[in-house]
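# A closer look at the structure
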Amino acid sequence: MQLDVNDVSVTLARADIVKSVSLRVEDGRFVGLIGPNGCGKSTLLKSIYKVVQPSAGSVVLGGADVLRASPKTVARMMGVVGQFNELSFDFTVREMVMMGRTPHKKLLDADSAEDERLVEEALLTVGMLPMAGRSFLSLSGGEKQRVVLARALAQQPRFLVLDEPTNHLDIKYQLQILSLVKSLGIGVLAALHDLELAAAYCDHLYLVKQGRIYAEGPPRSVLTREIISEVFEVDCQIYENPVTGGLGIAYLESGPSAAAEAAAARAGS
Ligand SMILES: Nc1ncnc2c1ncn2[C@@H]1O[C@H](COP(=O)(O)OP(=O)(O)OP(=O)(O)O)[C@@H](O)[C@H]1O
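Cut-offs used in this document
Residues numbered from 1 in each chain as written. Predicted model: local features only at pLDDT ≥ 70, side-chain atom pairs only at ≥ 80, totals over all residues. Helix = DSSP H or I, 4+ residues; strand = E, 2+ residues; numbered from the N terminus. Rg over C-alpha atoms; globule rule 2.2 N^0.38 Å. Buried ≥ 20, exposed ≤ 12 C-beta atoms within 10 Å, placed from the backbone. Contact = placed C-beta atoms within 7 Å. pLDDT = per-residue confidence, 0-100. Pairing = 2+ DSSP bridges. Axes fitted to C-alpha atoms, helices over the stretch in contact; angles between N-to-C directions. Expected span 1.5 Å × (residues − 1). Parallel < 35°, antiparallel > 145°, perpendicular 65-115°, else oblique. Left-handed = near helix turned anticlockwise from the far one by under 90°. Nonpolar A, V, L, I, M, F, W, Y, C, P; charged D, E, K, R; others polar. Right-handed = clockwise from strand over helix to strand, strands pointing away.

A few words now on the overall build of the protein chain. The secondary structure content of the protein chain amounts to ten helices and twelve strands. For 269 residues, the compact-globule formula gives about 18 Å, and the C-alpha radius of gyration of the protein chain, at 20 Å, lands near that figure. A principal-axis box enclosing the C-alpha atoms of the protein chain has dimensions of 70 × 45 × 35 Å. The proportion of buried residues among the 269 residues of the protein chain is 38%. For the protein chain, restricting intrachain contacts to residue pairs at least 6 apart in sequence, the fraction spanning at least 24 positions comes to 64%.

Next up, the structure:
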């Protein structure tokens, strides 16, 4: 299922946070959204999953107008793992994941055997089946993150939106969850902070700076020393990882002055 974001702008508290952003995620592609803190990644994702109303533009998923469609219609197609998943009420892990089935049910429908099966399968996939009876609020950050992903999987989405899905996860689960998401073979748009992981898993990257798309393309064309220095204000060396063959980034020094010095040195050389 293909996602098209067309000239989307978002204004919050009179500030222009997202400025005429267009992007495309073709069916089956894993697309990363990267950029510094506060550049507007989460706000853009929220406008795609209908939590924030854009001031302009359109969002089209599988031919459907997401901004006009009902939340239930969108939830039948799109799974979401957002950044904050705190709840006021406590639910068990199993109940949380069962909520992923809601968009596929009618009001007051009981859970079917198929619902139960999908919930078990999703819990097994994220390694949380042994904790199915636990209270969600009692879980660690990483365990909660895996349960929220299981809920999105139980939803059987045809498109996934992930906002820093590896936040809180240790390295085993970071790798496992990204591999799992990739293996689903559906369109994925994920905000990611770890640039090496983004390079390893994403087919295509959009780099956001101050609410606009600053660069886009295959990871190797976006993650260059120049672009990282300009956008993240950190000097680095890009290399080919001799073990994995993937793109490696060695960060040299942080801070605006180091980046400015590096830029000046490059300009002078
Ligand atoms: N409801 C709001 N009202 C006013 N400003 C907001 C609101 N929500 C977000 N912002 C501001 O919009 C900007 C972009 O925030 P957003 O959360 O989209 O950034 P982000 O790229 O996801 O950042 P991070 O990497 O830190 O998660 C920030 O300056 C933030 O303070």
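Turning our attention to the confidence of the model for the protein chain. Averaged over the protein chain, the pLDDT score is 91; the fraction of residues at 70 or greater is 93%. The ipTM assigned to the predicted complex is 0.97, against a pTM of 0.90.

All right, on to the sheet that holds strand β4 (residues 56-61) then. Taken in spatial order, the four strands line up as β2-β1-β4-β5 in an open sheet, and their pairing is antiparallel. Either end of the sheet is taken by a strand with one partner, and the two such strands are β2 (15-25) and β5 (64-65). Sheet analysis places β4 next to β5, joined by two bridges and oriented antiparallel. Looking at β5, one finds that Val60 is bridged to Asp65. Relative to the sheet, helix α1 (residues 41-48) contacts β1 (3-12), β2 and β4, its axis offset from that of β1 by approximately 115°.

Before going further, it helps to spend a moment on the sheet that holds strand β6 (residues 78-81). One open sheet accounts for six strands, arranged β6-β7-β8-β3-β9-β10; its pairing is mixed. A single partner strand is all that each edge strand has here, and the edge strands are β6 and β10 (212-217). Going from strand to strand, the sheet's axes swing by 15° on average, the running direction of each strand aside. Relative to β10, strand β9 (residues 204-209) is paired through five bridges, and the arrangement is antiparallel. The partner of Leu205 across the bridge, within β10, is Gly217. Lying on the sheet, helix α5 (residues 141-154) is in contact with β6 and β7 (159-163); it crosses β6 at an angle near 175°.

Given a rise of 1.5 Å per residue, 14 residues ought to cover 20 Å, and the 20 Å separating the end C-alpha atoms of α5 matches this to within 8%. Burial within α5 is extensive, with twelve of its 14 residues counted as buried. Every buried residue of α5 is accounted for by Glu143, Lys144, Gln145, Arg146, Val147, Val148, Leu149, Ala150, Arg151, Ala152, Leu153 and Ala154. Those residues of α5 that are buried lie in contact with β6, α3 (93-98), α4 (113-125), β7 and α6 (171-183). Backbone geometry just after α5 places Gln156 at a positive phi near 50°.

Looking now at unusual backbone geometry. We note that Ala13 has phi near 45°; this positive angle belongs to a residue other than glycine. Mapped onto the secondary structure, Ala13 falls in the loop between β1 and β2. For Ala13, a count of 5 C-beta atoms within 10 Å translates into the label exposed. Positive phi, normally seen in glycine, also occurs at Glu233, with a value near 60°. When you line up the elements, Glu233 lands in the loop between α9 (225-232) and β11 (234-240).

Moving on, we get to the packing of α4 against α5. At a minimum axis distance of 8 Å, the contact between α4 and α5 shows a crossing angle of 140°. Our classification of the angle between α4 and α5 gives oblique. In this structure, α4 meets α5 at a crossing whose hand is right-handed. The residues of α5 that touch α4, namely those facing Leu118, Val119, Ala122, Leu123 and Thr125, are Ala150, Leu153 and Ala154. Classifying every residue of the contact of α4 with α5 gives seven nonpolar, one polar and no charged.

Moving on, we get to the pairing of β7. For β7, the tally of buried residues reaches five of five residues, placing the bulk of the element in the interior. Neither face of β7 is open: one carries Phe159, Val161 and Asp163, the other Leu160 and Leu162, and all of them are buried. Sheet analysis places β6 next to β7, joined by four bridges and oriented parallel. The residue of β7 that forms the bridge with Val80 is Val161. As paired strands, β7 and strand β8 (residues 187-191) are joined by five bridges and run parallel to one another. Opposite Val161, over in β8, you have Leu189 as the bridge partner. You can see the chain leave β7, run along α6 and come back into β8, and the turn it takes is right-handed.

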